[in-house]
Amino acid sequence: MTVALRGVGLGVVLLAVVLLCFWGPPAHAQGISVVDDRGVTVRLPRAPQRIVTLLPSITESVCALGACKQVVATDRWSNWPASVQALPKLGGLDDANVELIVAQKPDLVLVAPSSRVAPRLRALGLTVAELDAQDLSQVRKLFGKIAALIGQPQAAEPRWQALQAEIDAARDQVPLKARGMRVYFEVGATPYAAGAASFIGQLLTRLGAVNVVPAELGPFPKLNPEFVVRANPDLIMIAAEEADGLAARPGWARMKAVAGHHVCAIAHADYDLLARPGSRLGMGAAVLARCLNAYAASGTSAAKGALR
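About the cut-offs
Residues numbered from 1 in each chain as written. Predicted model: local features only at pLDDT ≥ 70, side-chain atom pairs only at ≥ 80, totals over all residues. Heavy atoms only, no water. Salt bridge = Lys/Arg side-chain N within 4 Å of Asp/Glu carboxyl O. Helix = DSSP H or I, 4+ residues; strand = E, 2+ residues; numbered from the N terminus. Buried < 20%, exposed > 50% of the residue type's maximum accessible area, 1.4 Å probe, protein only. Core = buried A, V, L, I, M, F, W, Y, C linked by side-chain atoms within 4.5 Å. Polar contact = N/O pair within 3.5 Å; in protein donor to acceptor, adjacent residues only side chain to side chain. Contact = heavy atoms within 4.5 Å. 1 Å grid on protein atoms, 1.4 Å probe; cavity = no way out; pocket = protein on both sides within 12 Å on 5 of 7 lines; lining within 4 Å. Points joined across faces, edges and corners; volume = space filled by probe spheres on them. Nonpolar A, V, L, I, M, F, W, Y, C, P; charged D, E, K, R; others polar.

Draft legend 1. Structural context of the pattern of salt bridges. All chains considered together, the criterion is met by 17 salt bridges. As a salt-bridge pair, arginine 280 and glutamate 60 come within 2.9 Å of each other at their nearest N and O atoms. You can see arginine 280 sitting in the loop between helix H11 (268-275) and helix H12 (281-296) and its partner glutamate 60 sitting in helix H2 (residues 56-64), a full 220 residues away along the chain. Each member of the pair arginine 280 and glutamate 60 is classed as buried. Of the charged contacts in the structure, one is a salt bridge between arginine 249 and glutamate 186, with a shortest N-O distance of 2.7 Å. Linking arginine 249 in the loop between helix H9 (240-243) and helix H10 (256-259) with glutamate 186 in strand E7 (residues 182-188), this pair joins segments that are 63 residues apart in sequence. Of the two residues, arginine 249 and glutamate 186, both sit in the buried class. Here the salt bridges do not stand alone but share partners, grouping Asp36, Arg38, Arg122 and Glu130 into one network.

So, in structure tokens, the structure goes:
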């Protein structure tokens, strides 16, 4: 009996060896290889167990794709999901602390392509991938690259499809009266705007709005303030802390959006949803839909809390 079982065990081992030779080792045994946004191949021997993220959109996407427990530290602005708030904070885009990053002993560091710290981290022997997105197609690629890097390539497409469903649901909340309205979305008081080519601009288009900043100006162009005055949008979307100062800008008081109080002042937490091209953009689309709804309802009491 014992001899027979040993024979069966040996047969199973031999069969496994034959199959391994024929089919090759499983994908994870071959390591991970991903081309980052520099066009450089990032290689890992296995799925990373200690990840440092230095951009909020990356942190959120890593978590949404199933590797939040592997994140050991983040940039100072990453605050979602709630579990990352207790992690060590390593600085921002321009002032990340190299010594603190190295002290985390990460096997993968995820940064924005504009990060100044990436070359120093590589020189110290760390594996660094540079990733970001400025439009929705790049968000899809971001999901794919992050999912592959964390060893969960199958997670990317379901998350992308869920995001599309969330955007469609937001679109369905926008009344016909609001379709075709001309919108200016400001991302910085200089002013910088979200153009039609940006992920914010593309969300607005999906919701039926018209961006007054054309795609040919780039995703997030710096504008001459007079450009906005001449564009004279129906609705302005802006961070809440900037909204009260619009009328004081030269010439802006005569714009119909400012004069008519058609300014959607977006609270900080909601603005985070729109400033981060990642897994929560569906919730960001819902914020935009509420702004458009408030415009359509302007003049009624329901709109007073959303528009100024």
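The structure having been displayed, the exposition proceeds.
Draft legend 2. How the structure looks around the nonpolar core. Of all hydrophobic cores here, the largest spans 60 residues; its most connected members are Leu110, Leu149, Phe185, Met237, Ile266 and Leu292. Considering every element that reaches this core, the biggest residue donor is H12, with nine residues. One finds Val212, Val213, Ile238 and Trp252 within the second-largest nonpolar core, a separate group that totals 18 residues.

Draft legend 3. Inspection of the side chain of arginine 276 at higher detail. Checked against the element boundaries, arginine 276 lands in the loop between H11 and H12. Residue arginine 276 is classed as buried on the basis of its relative accessible area of 8%. Of note is the side chain of arginine 276, whose polar atom sits 3.0 Å from the backbone oxygen of tryptophan 77. Not counting chain neighbours up to four residues away, the residues in contact with arginine 276 comprise Pro56, Ser57, Glu60, Trp77, Asn79 and Leu281.

Draft legend 4. Geometry of empty space enclosed by the protein. In total, this model carries one cavity of 30 Å³ or more according to the counting rule given. Roughly 40 Å³ of internal volume is contained in the largest cavity. Forming the boundary of the largest cavity are Leu54, Gly92, Leu93, Ala96, Val111, Ala112, Ser115 and Val117. Partitioned by chemical class, the residues of the lining of the largest cavity number six nonpolar, two polar and no charged.

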